[in-house]
Amino acid sequence: MTTSKPTNSAWTGMVPVDDTALAVTDTGGPGVPVVFLNGQFANQRYWRRVIAELGSQRRHITYDERARGRSKRSADYSFEAVVRDVDVVLAARGVDRALVVGWSYGAFAAAHWASRNPHRAVGAVLVDGAQPYDWLDEAMEQHIRKLFRRMSWFMPLLRPTGLTPRMNAEQMANTNIELGRLARERELGPVLDRITVPTRYVVASGSSFGSKGDGQERIRASLNQVVERNPNIKISVKVPSNHGAILRKDFRAIAEAVREVATLDHVR
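These remarks concern the structure in this document. For clarity, every value in this text was computed on a predicted model and none was experimentally measured.

Section: the overall build of the protein chain
Scanning the protein chain for helices and strands turns up 11 helices and eight strands. In terms of C-alpha radius of gyration, the protein chain reaches 17 Å, essentially the compact-globule figure of 18 Å for 268 residues. Over its C-alpha atoms, taken along the principal directions, the protein chain stretches across nearly 50 × 40 × 30 Å. Split into buried and exposed, the 268 residues of the protein chain put 55% on the buried side. Long-range pairs, those at least 24 residues apart, make up 74% of the contacts in the protein chain with a sequence separation of at least 6. Carbon together with sulfur atoms contributes 54% to the accessible area of the protein chain, which is approximately 12,000 Å² in total. For the protein chain, the distance from the average position of its 38 positive side-chain charges to the average position of its 28 negative side-chain charges is 6 Å.

Quick look at the structure:
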């Protein structure tokens, strides 16, 4: 049962935090508040199909992370800042307990937040992310830096569309490299093992932009050991769409996982 301050009215505005401000949307509504955590350089609009599928009988909270979407720039783009910002947004909206849903980079943030806040997390839905695997080495780190330097010339042209963040090439590369370190089995494994709330994975298929061969499928295979170690974590479904298309093509499967986790909160 939630102890959040109920609200029936929608709200959109800026929430100040540290040296920046985050663009937040709260639909209002009854039921368990659901907070959606975006992909690494994505914005809150990516969740619109999932939210529409879940319907108005739930309260949905979305926001743009620092320098993404309509949020302001910051001096701190660290992963720890991302996790702290979840608390800031929930506090600003009067929410004590929430169900966290994260895609890609956001799945890592959702897993960390659920692991650290067992009494505040209703549960978590992790969409093709937070899969422990050692994919970062020195060669990959140099490749990431080179890739973002090459992309830096056209990134500013796309910023008005909201498709790219207001970050420079070095900042974007650093966040990607940090994610690689966080994904290592010795780092992410213990985080997942400490999760005590219902958690469901929605897993994509095949490869997508930036991946090679069966690399993503090998990463996803690491989840078999995760679910064996922790009975609170299960794979809800493996869908046919790839990593980049999953929110657009398999939003119904994601919504169904959210419904399942919300129902399990009542069982607990």
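Observations concerning the pattern of salt bridges
A complete count under the given rule lists 21 salt bridges for this structure. The salt bridge partner of R259 is E256, with a shortest N-O separation of 3.2 Å. Placement of the pair is R259 and E256 together in helix α11 (residues 251–267), with a separation of three residues, close to one helical turn. Residue classification places R259 among the partly exposed positions, given a relative accessible area of 22%.

Examining the side chain of T62
Looking at the element boundaries, T62 is found in strand β4 (residues 59–63). Among the polar contacts made by the side chain of T62, one reaches the side chain of Q44 at a distance of 2.6 Å. If we ignore the near neighbours within four places in the chain, the residues touching T62 are A23, V24, T25, F36, Q44, W47 and I51.

Observations regarding the packing of aromatic side chains
Under the definition given, this model contains five aromatic pairs. Between the aromatic rings of F79 and Y105, the centroid separation amounts to 5.9 Å while the plane-to-plane angle is 85°, which identifies the pairing as edge-to-face. You can see F79 sitting in helix α2 (residues 79–92) and its partner Y105 sitting in helix α3 (residues 105–116), a full 26 residues away along the chain. Exposure remark for F79: the relative accessible area of 1% places this residue in the buried category. Pairing W153 with F154 gives two aromatic rings, centres 5.2 Å apart and planes at 80°, and the pair type is edge-to-face. On the basis of relative accessible area, W153 is assigned to the exposed category, the value being 64%. Take F154: its relative accessible area is 26%, and that puts it in the partly exposed class.

Side note on α2
Along its 14 residues, α2 runs 20 Å from first to last C-alpha, staying within 8% of the 20 Å computed at 1.5 Å per residue. Of all the positions in α2, only F79, A81, V82, V83, D85, V86, V89 and L90 are classed as buried.

Brief notes about the sheet that holds strand β1 (residues 11–17)
Taking strand neighbours across the sheet as the criterion, the eight strands line up as β1-β2-β4-β3-β5-β6-β7-β8 in an open arrangement whose pairing is mixed. Of all strands in the sheet, those with a lone pairing partner are β1 and β8 (233–238), marking the two edges. Put simply, the sheet's adjacent strands are angled 20° from each other on average, direction ignored. Pairing of strand β2 (residues 20–26) with β4, which is carried by three bridges, proceeds in the antiparallel orientation. Note that in β4 the partner of D26 across the bridge is I61. Set on the sheet, α2 makes contact with β1, β2, β3 (33–37), β4 and β5 (98–103); between it and β4 the angle comes to about 135°.

About the cut-offs
- Residues numbered from 1 in each chain as written.
- Predicted model: local features only at pLDDT ≥ 70, side-chain atom pairs only at ≥ 80, totals over all residues.
- Heavy atoms only, no water.
- Helix = DSSP H or I, 4+ residues; strand = E, 2+ residues; numbered from the N terminus.
- Rg over C-alpha atoms; globule rule 2.2 N^0.38 Å.
- Buried < 20%, exposed > 50% of the residue type's maximum accessible area, 1.4 Å probe, protein only.
- Contact = heavy atoms within 4.5 Å.
- Areas by Shrake-Rupley, 256 points an atom, 1.4 Å probe, with all protein chains shown as cover.
- Lys, Arg positive; Asp, Glu negative; His and termini not counted.
- Charge placed at Lys NZ, Arg CZ, Asp CG, Glu CD.
- Salt bridge = Lys/Arg side-chain N within 4 Å of Asp/Glu carboxyl O.
- Polar contact = N/O pair within 3.5 Å; in protein donor to acceptor, adjacent residues only side chain to side chain.
- Phe/Tyr/Trp six-rings, centres within 6.5 Å; stacked < 30°, edge-to-face > 60°.
- Expected span 1.5 Å × (residues − 1).
- Pairing = 2+ DSSP bridges.
- Axes fitted to C-alpha atoms, helices over the stretch in contact; angles between N-to-C directions.

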